[in-house]
Amino acid sequence: KKEVQYGPVSPEKRTDPAMEKWRDNRFGQFIHWGLYAIPAGYWKGKYYKGAAEWLKSWAKVPMNEWAKLAEEFNPEQYDPEEWASMAKQMGARYVVLTTKHHEGFCLWPSQYTDFDISNTPYQKDLLKPFVEAYNKAGIDVYFYYSVLDWYHPDWRYALKSEEDKQAFERFKTFTKNQLSELIERYPSVKGFWFDGTWDASWKASGQFSYELEKHMKQLKPGLIINSRMRADEWGSRHFDSNGQMMGDYASGWERKLPTDTSVLHNDWEACMTVPENQWGYHKNWEGHVKTPTELIEMMVRCTALSGNFLLNFGPKEDGSIREEEQLLVKEIGNWMEQYGNAIYNCAYAGLEKQDWGYFTREPGSKTVNMVVCNIPVNKALRIQLPKNLFIQHYEYMGKPLSKLTLEEIGKNEYFIHLGKVKTKQPFVINIQLTSEKTDNGLYQKAKT
Ligand SMILES: COc1ccc([C@H]2[C@H](O)[C@H](O)[C@H](C)N2C)cc1
């Protein structure tokens, strides 16, 4: 065990109401919006296939040229009420919006930089109406904030000289000022999604990130901060040098999902793009665009492993939402309307995973949701229960199933026979578990 002074600030599994609400939310909307939405993946007529919010880097654009984009940023179609109503229709219970991405441009009028919304034709604060609209829709608001800042003259990738160190001290003060400003200006914010924390300069600032997390949680008790914010004094990120998670939930799951129950030890969240790798708006998505069904299954997998799923949207420069994302709002929204109870407030059910899909359960409930994503060729859904549990009742809400029959095929082992099924989306069967074997005729000895 290593001596770690600047590791976790909060306990690994907080039990306060704010953190319980974070868990109950389960499904969130990520929004990447900034100057990068203007060029949208093209620079001087050339197409760049990399992530659109990184275009400055791919096209090697000098910052003084990139910053000129602020002079044309004027999102006249920006309608946060519309965004919030879409998020509500989709069934998102929280939202994470980029207040400042790596480009350094701030969507709010910051007193600590001139590279912000007030120096654009639009001028007005974008965050205030956003926070109000989403809160009014009952959706919790979180702020994405990039520590890495390509615009700020005092940013340093590494601390190689005394000059670097002095500059980075100024940069850390700037960072702390901006974060305090965001909490003070928008006090209903529920937490921060930090990014841009992989460089040596920040990895050498473990004590600072420790004290900054403490400072922010003093400014706003209950504040929720992701593990990506943190390094310890040895440069270990997300988890300290003794493997203790820093921040309030593990946020290393970017465009990838966990596959086993080892993640259950901590709260965690996976963030996901619709195309393979685009967060900011790109005019032409290349390659596979995930279907609503694929994204629904990812969300279910996260819930089934007690994690959150954060699905990304990249609004256009004018503030409008692209067709593909509008389709997701409709399709995922329909599914959540019918089956949201298998997601919200749910978590790992404690049952052995089966190939046909996922079990989810509201902690402490006797009702287990079976979310069926892959109908077996024999149309029989296998269930293996722990030895002291039995199926007392089962039902399907909704239409696609004609009838269900339950067959006991072994010790605490069952088949649910589906009969005729017609469905295009995953569906949910509820089973009631009981701890005593009630022989109410539900059980048919295996027909051997
Ligand atoms: C170096 O590889 C990276 C760096 C940063 C990212 C950023 C993306 O721009 C987006 O904001 C994502 C959430 N974040 C990890 C992604 C991959």
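Look up: the structure comes first, before these words.
A short tour of the structure in this document, coming up. Source: prediction; values computed, not measured.

A few points about the side chain of K56
Line of reasoning, step 1. Structurally, K56 is set in helix α2 (residues 55-58).
Line of reasoning, step 2. Beyond its immediate chain neighbours, meaning those up to four positions away, K56 contacts V61, P62, M63, W66 and W150.

Some thoughts on the site of the ligand
Line of reasoning, step 1. Near the ligand the following residues occur: H32, E53, W54, H101, H102, Y144, W193, D195, W198, R228, E254 and W279.
Line of reasoning, step 2. Contacts to the ligand include H32, whose side-chain N or O atom sits 2.7 Å from an oxygen atom.
Line of reasoning, step 3. In this structure, H101 approaches the ligand through a side-chain N or O atom, which is 2.8 Å from an oxygen atom.
Line of reasoning, step 4. Protein coverage of the free-state accessible area of the ligand, which is 410 Å², stands at 78%.
Line of reasoning, step 5. Under a 2 Å grid-point criterion requiring more than half of the atoms, the pocket assigned to the ligand is the largest pocket.
Line of reasoning, step 6. In terms of residue class, the shell around the ligand is built from five nonpolar, three polar and four charged.

Examining the layout of surface pockets
Line of reasoning, step 1. When its volume is computed, the largest pocket comes out at roughly 430 Å³.
Line of reasoning, step 2. Taken together, 28 residues line the largest pocket, and the ones lying closest to its centre are A51, E53, R255, N277 and W279.

Some thoughts on the side chain of K217
Line of reasoning, step 1. With respect to the secondary-structure elements, K217 resides in helix α8 (residues 206-219).
Line of reasoning, step 2. Beyond its immediate chain neighbours, meaning those up to four positions away, K217 contacts V9, S10, R14, L223, I225 and D248.

Focus on the nonpolar core
Line of reasoning, step 1. Ranked by size, the top nonpolar core spans 127 residues in total, and within it F192 and I429 carry the most contacts.
Line of reasoning, step 2. At seven residues, the largest contribution of residues to this core is made by helix α9 (residues 292-304).
Line of reasoning, step 3. W193, I224, Y249 and C271 belong to the second largest nonpolar core, which has 13 residues in total.

Re helix α4 (residues 80-90)
Line of reasoning, step 1. Within α4 the residues assigned to the buried category are P80, W83, A84, M86, A87 and M90. An end-on view of α4 places all buried positions within 160° of arc, on one side of the element.
Line of reasoning, step 2. Along its buried surface, α4 packs onto β1 (27-31), α5 (127-136), β10 (308-313) and α10 (323-339).
Line of reasoning, step 3. Residue G91 follows α4 closely and has a positive phi angle near 100°.

Things to note about the sheet that holds strand β15 (residues 390-396)
Line of reasoning, step 1. Pairing in this open sheet of five strands is antiparallel, and the strands run β11-β12-β13-β18-β15 from one edge to the other. The sheet is open, and its two edges are formed by β11 (347-348) and β15, each paired on a single side.
Line of reasoning, step 2. Where β15 lies against strand β18 (residues 427-434), six bridges are found, and the strand directions are antiparallel. When the bridges of β18 are listed, H393 appears paired with Q432.
Line of reasoning, step 3. Set on the sheet, α9 makes contact with β11, β12 (357-361) and β13 (367-372); between it and β12 the angle comes to about 50°.

The rules behind these values
Residues numbered from 1 in each chain as written. Predicted model: local features only at pLDDT ≥ 70, side-chain atom pairs only at ≥ 80, totals over all residues. Heavy atoms only, no water. Helix = DSSP H or I, 4+ residues; strand = E, 2+ residues; numbered from the N terminus. Contact = heavy atoms within 4.5 Å. Near = heavy atom within 4 Å. Polar contact = N/O pair within 3.5 Å; in protein donor to acceptor, adjacent residues only side chain to side chain. Areas by Shrake-Rupley, 256 points an atom, 1.4 Å probe, with all protein chains shown as cover. 1 Å grid on protein atoms, 1.4 Å probe; cavity = no way out; pocket = protein on both sides within 12 Å on 5 of 7 lines; lining within 4 Å. Sits in = over half its atoms within 2 Å of the grid points. Nonpolar A, V, L, I, M, F, W, Y, C, P; charged D, E, K, R; others polar. Points joined across faces, edges and corners; volume = space filled by probe spheres on them. Core = buried A, V, L, I, M, F, W, Y, C linked by side-chain atoms within 4.5 Å. Buried < 20%, exposed > 50% of the residue type's maximum accessible area, 1.4 Å probe, protein only. Arc of directions from axis to C-beta. Pairing = 2+ DSSP bridges. Axes fitted to C-alpha atoms, helices over the stretch in contact; angles between N-to-C directions.

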